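# Observations on the three-dimensional arrangement
Here is how the chains run, residue by residue.
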Amino acid sequence: MPKLNICAFRELTAEQRLSAEIAIVANPNPAELAALPNLQWVQSLWAGVERLLTEVPQSDLKIVRMNDPQLAASMAEAVLAWSLYLHRDMPAYKKQQSAKIWKQHTTPLTADRTVSILGLGSLGLCAANRLTANGFSVFGWSRSEVNLEGIKTFNGEADLHALLSRTDILVVLLPLTMATSGLLNEQTLALLPRGASVINFARGPILDETALINHLDSGHLAHAVLDVFSEEPLPKSNPLWTHADVTVLPHISARTNKITASKIASGNISSFLQTGEIPQSVSRKHGY
Ligand SMILES: NC(=O)c1ccc[n+]([C@@H]2O[C@H](COP(=O)([O-])OP(=O)(O)OC[C@H]3O[C@@H](n4cnc5c(N)ncnc54)[C@H](OP(=O)(O)O)[C@@H]3O)[C@@H](O)[C@H]2O)c1
């Protein structure tokens, strides 16, 4: 954006701090945003904005999150890859190999394997379509009611219970909000059928890690693939690192792509400069 004056925060003069209108941020220091009193809106480079919503001092500041089709495609690829990992019993064969055990398991048809996605937003919907295209039976859960071709949809708490009881692989792609924090706990995980697995690619606090370990240890759940944790980086002392039924990933399921995200951010800024309208921003009421 050659016609604009884009500066790193530390390079701004006192005068520029007063005139800054838009901030482009990832995980900003709240004090830095507080030092920009005339901001009109913030462009987040991340899709998840729970920290911005709670930490940014200006409570009425509009936050525009990263809504990049490339990010959704990357997440859909990750969801497909790890769903196939679980579908083809790779955790079991990995254990068998280390014990030199030659034992064949029957793999059901993908159509008989139900993968349920919690969250049917930009990422969840793209992942659901990718799974459907690969033959899985796909369920989806969102806050509002929605009809989608080829995907059985659910909404609301009662529906969540119905969905969980019919799920083989549960994929979490919800935002972290007051309503979703601790959503997957001792009771809700117990609703999954015995032998089900969980993939959490959203945010750590949505899934109670102790409850998850309890359900894995009792044999109720088979495996968990976790890309996000209540504390990141995952502390070396956390038992999830060494749990035989857990795959730990370092928050890589869908990383912001610099090239495509730059285009989205610059497109949003150009549109604002032309029309004066702030791009669609996050709902503070709903927290996403
Ligand atoms: N691990 C990674 O690398 C990574 C990368 C990017 C993003 N993420 C995480 O993924 C999350 C989802 O991103 P997104 O872009 O898909 O978000 P989004 O477009 O805002 O979609 C959120 C979805 O969750 C649903 N939802 C929200 N609160 C709910 C509730 N209380 N009950 C039921 N459904 C609820 C929404 O329902 P409605 O459709 O009814 O609104 C919507 O379908 C982000 O918030 C971020 O935390 C992780």
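Scroll up to find the structure this text is about.
These numbers were taken from a predicted model, which means no experiment stands behind them.

Right, let's talk about the packing of aromatic side chains for a bit. Within the structure shown, the criterion is met by three aromatic pairs. Seen from their ring centres, Trp-82 and Tyr-85 are 4.9 Å apart, and the 65° between their planes marks the pair as edge-to-face. Residue Trp-82 and its partner Tyr-85 are both found in helix H4 (residues 69-87); the two are separated by three residues, about one turn of the helix. The class for Trp-82 is partly exposed, based on a relative accessible area of 21%.

Note that Ser-142 resides in strand E5 (residues 137-142). Along the chain, Ser-142 and Leu-174 lie 32 residues apart, while their C-alpha atoms are 8.5 Å from each other. Leave out the neighbours within four places in its chain, and Ser-142 touches Leu-120, Phe-154, Asn-155 and Gly-156. Among the polar contacts made by the side chain of Ser-142, one reaches the main-chain carbonyl oxygen of Ser-144 at a distance of 2.7 Å.

Glancing now at the environment of Pro-91. Within the element layout of this structure, Pro-91 appears in helix H5 (residues 90-98). Pro-91 gets classed as buried once you look at its relative accessible area, which sits at 15%. In this structure the C-alpha to C-alpha distance between Pro-91 and Asp-245, which are 154 residues apart in sequence, comes to 7.4 Å. Beyond its immediate sequence surroundings of up to four residues, Pro-91 is in contact with Tyr-85, Leu-86 and His-223.

The environment of the ligand is made up of 28 residues, and the closest members are Arg-65, Leu-120, Leu-123, Ser-144 and Tyr-288. Ser-122 has a polar backbone atom sitting 3.0 Å from an oxygen atom of the ligand. Contact between the ligand and Asp-227: a nitrogen atom at 3.0 Å from a side-chain N or O atom of the residue. Across the shell around the ligand, the residue classes break down as 14 nonpolar, 10 polar and four charged.

What follows covers the sheet that holds strand E1 (residues 22-25). An order of E1-E2-E3 is seen for the three strands of this open sheet, with the pairing classed as parallel. With one partner strand each, in any of the chains shown, E1 and strand E3 (62-64) form the two edges of the open sheet. Ignoring strand direction, the axes of neighbouring strands in this sheet form an average angle of 20°. Bridging between E1 and strand E2 (residues 41-44) involves four bridges; their strand directions are parallel. Note on E2: the bridge partner recorded for Ile-24 is Gln-43. Where helix H10 (residues 258-275) meets the sheet, it contacts E1, E2 and E3, and its direction lies at approximately 160° from that of E2.

Reading guide: rules and limits
- Residues numbered from 1 in each chain as written.
- Predicted model: local features only at pLDDT ≥ 70, side-chain atom pairs only at ≥ 80, totals over all residues.
- Heavy atoms only, no water.
- Phe/Tyr/Trp six-rings, centres within 6.5 Å; stacked < 30°, edge-to-face > 60°.
- Helix = DSSP H or I, 4+ residues; strand = E, 2+ residues; numbered from the N terminus.
- Buried < 20%, exposed > 50% of the residue type's maximum accessible area, 1.4 Å probe, protein only.
- Contact = heavy atoms within 4.5 Å.
- Polar contact = N/O pair within 3.5 Å; in protein donor to acceptor, adjacent residues only side chain to side chain.
- Near = heavy atom within 4 Å.
- Nonpolar A, V, L, I, M, F, W, Y, C, P; charged D, E, K, R; others polar.
- Pairing = 2+ DSSP bridges.
- Axes fitted to C-alpha atoms, helices over the stretch in contact; angles between N-to-C directions.

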